[in-house]
Structure formats: C-alpha cells, structure tokens
Amino acid sequence: MSQVPPRRDFFNKSPSLNRYNFIAFLICMFITGCGSHNIKKESPAATIAAKKHSNRKILIQPLDDIGENVIAFLDSNIARYYKATISVLPARRIPASAWYAPRHRFRADKILAFLRTFARAADTYVIGVTGKDISTSNGANPDWGVMGLGYQPGSCCVVSDYRLNKYPQSEWELHSKLLKVAIHELGHNFGLPHCPNEQCLMTDAKGKDRLNHEKDFCPKCAAYLHSGGFLK
C-alpha cells in the first residue's frame, strides 16, 4: 500500500560520510539513467551555487485541468521535505507547441522550456503539475512516456499523474505517489542524479511504477541535500 513517505522514519539520520566517499558521490552526480522519472540538462548558468539562499521558493504551476485537490495535497506536503516557501501559481494551459500529435500527448521537454519563463528569480523553482500524458526522448526511443521530467540541476520540472491513474487505488494513494514523483524531480533540480538504492526517493523507475518501494532519501542523497541546505 502506498504511503506518504515518512520524514526520517525509514532511514535514520544520515551517517557521516568520509571525505573520499563524499567526493565519489559528487562525481556520480552527473551520471544519470532514464525511466519514468527522467532528467535533462539545463544551461550551465543554472547551477546549485546560485541557488543556496534562505529565501528559496518552490512555485507549483497547475497545468490544464489538474484537480485542485491534487494541487492542495502537493502544496501541503512538499514543505515536509524541502526548506522552501511553497506557493501556487494561477492555472495555465500547456502551450500548443508541446503537443505531439503522432502519440496524442505532450512533450515534457517543451513544457520545461515553458516553465523556465516563471523561474527567472534567484533561488526560485517551478514544478508543473498536469493530468495529461507526457513524454520525452529516451536513447533510441524518440517518444518515451514518463511520470516526470526535470533539469539536473535546474530551475523547473514537471510531473503527471496520468500513468498513476491506470491502477485502482484511493485518492490518497494516488496523491501520495504523485508527491513522491514531485520530490524526486525537485531532487534533480537541486542536483541529485538517480540513485541505485531502490528504496530511495531518487531511484530510477526504469519505465515502471516502483513508487510503493520508495521510502525516503537514502543516507547519501540526504547528506547531499543537507549540505546544500535543501532538506528539512
């Protein structure tokens, strides 16, 4: 049964990492995989160093007809993980330029380009939320359906509950799963790569819904987020 990931209940406080392990982790930050949570590179100017201020903001951008109850759930729970002021922007339509007619869905990379226009202020991140099917390129596959896509590092990401709606579940379970996707994609924005620990929120879904197995950030990912002042 899916649950809202507990704060520090599954993984206890992160153990101290020795200097060499931590350096090795920083090196692997830039090695990424692909899956239902996908990542893209933003421009070199979008660096973590430019976004380490105490006035960090996460703006939730409702897209198209996403339910208000979904937005309210994310608004209430993202701040349980990340040190930031959470705000909800007025709902907007996904730009027509993002429509991919051959598969009748929207290109997530083009949605990211749209969201970047709302994340120009320092230490501001925008997460788009939609119920539409979204996709991106994945190796030899030119149009791979995803639950989320985010720049790593960068200022914006997008999540969709379209693929989560395929299974019988309660509204609370659906919202809890989408929250995990949102926390994952924001983690990419903050610089985290995919994690090999299958119970970590940063694990690569590899095209499957593995959200029931994800519990919390593993010690290494938590240590990185703490070092940047992102994690509560």
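Here the structure is shown first, and the text comes after it.
Residues numbered from 1 in each chain as written. Predicted model: local features only at pLDDT ≥ 70, side-chain atom pairs only at ≥ 80, totals over all residues. Heavy atoms only, no water.

Undergrad: What's the story with the packing of aromatic side chains in this structure? I'm lost.
TA: The geometry of two aromatic rings is summed up by the distance between their centres and the angle between their planes. Across all of its chains, the model carries six aromatic pairs by this definition. An angle of 45° between the planes, with centres 6.2 Å apart, marks the rings of Y82 and F217 as tilted. On the criterion of sequence distance, the pair formed by Y82 in the loop between α2 (68-77) and β3 (85-88) and F217 in the loop between α4 (171-189) and α5 (219-227) is long-range, its members being 135 residues apart. An angle of 90° between the planes, with centres 4.9 Å apart, marks the rings of Y125 and F190 as edge-to-face. One end of the pair, Y125, is in strand β6 (residues 124-130); the other, F190, is in the loop between α4 and α5, with 65 residues separating them in the sequence. Overall, the relative accessible area of 0% leaves Y125 in the buried class. (Phe/Tyr/Trp six-rings, centres within 6.5 Å; stacked < 30°, edge-to-face > 60°. Helix = DSSP H or I, 4+ residues; strand = E, 2+ residues; numbered from the N terminus. Buried < 20%, exposed > 50% of the residue type's maximum accessible area, 1.4 Å probe, protein only.)

Undergrad: So what exactly am I meant to see when it comes to the nonpolar core here?
TA: Side chains of a nonpolar character, in soluble globular proteins, are inclined to be buried together. Core analysis: the largest hydrophobic core is formed by 42 residues, its most contacted members being I58, I78, Y82, I127, V129, F217 and L225. Secondary-structure elements contributing two or more residues to this core are β2 (57-62), α2, β6, β10 (156-160), α4 and α5. Here this core gets seven residues from one element, more than from any other, and that element is α4. Those residues within four positions of L225 in sequence are excluded, and the remaining contacts are Y82, F190, L192, F217, F230 and L231. In terms of nonpolar packing, the next biggest core, distinct from the first, is built from 19 residues, L89, F106, L115 and V126 among them. (Core = buried A, V, L, I, M, F, W, Y, C linked by side-chain atoms within 4.5 Å. Contact = heavy atoms within 4.5 Å.)

Undergrad: Sorry if this is basic, but what is going on with the sheet that holds strand β5 (residues 105-107) here?
TA: Strand pairing in a sheet is mediated by backbone hydrogen bonds. Such pairs are either parallel or antiparallel. Read from one edge of the open sheet, four strands run β4-β5-β7-β8, paired in mixed fashion. Either end of the sheet is taken by a strand with one partner, and the two such strands are β4 (99-100) and β8 (141-146). Here β4 runs beside β5; their pairing, made up of two bridges, is antiparallel. Bridge pairing in β5 places W99 opposite F106. (Pairing = 2+ DSSP bridges.)

Undergrad: What am I meant to see in the pattern of salt bridges here?
TA: Close approach of charged atoms lets side chains of opposite charge pair. As enumerated under the stated definition, the model contains nine salt bridges in all. Ionic pairing is found between D143 and R107, a salt bridge with its closest N-O pair at 3.0 Å. One end of the pair, D143, is in strand β8; the other, R107, is in strand β5, and 36 residues separate them in sequence. Residue D143 is classed as buried on the basis of its relative accessible area, which comes to 3%. (Salt bridge = Lys/Arg side-chain N within 4 Å of Asp/Glu carboxyl O.)

Undergrad: Quick question: what am I supposed to make of the pairing of β3 here?
TA: Put simply, side chains in a regular strand alternate between the two faces of the sheet. Pairing of β2 with β3, which is carried by four bridges, proceeds in the parallel orientation. When the bridges of β3 are listed, I58 appears paired with I86.

Everything listed here is a matter of coordinates, which is why it stays silent on function.
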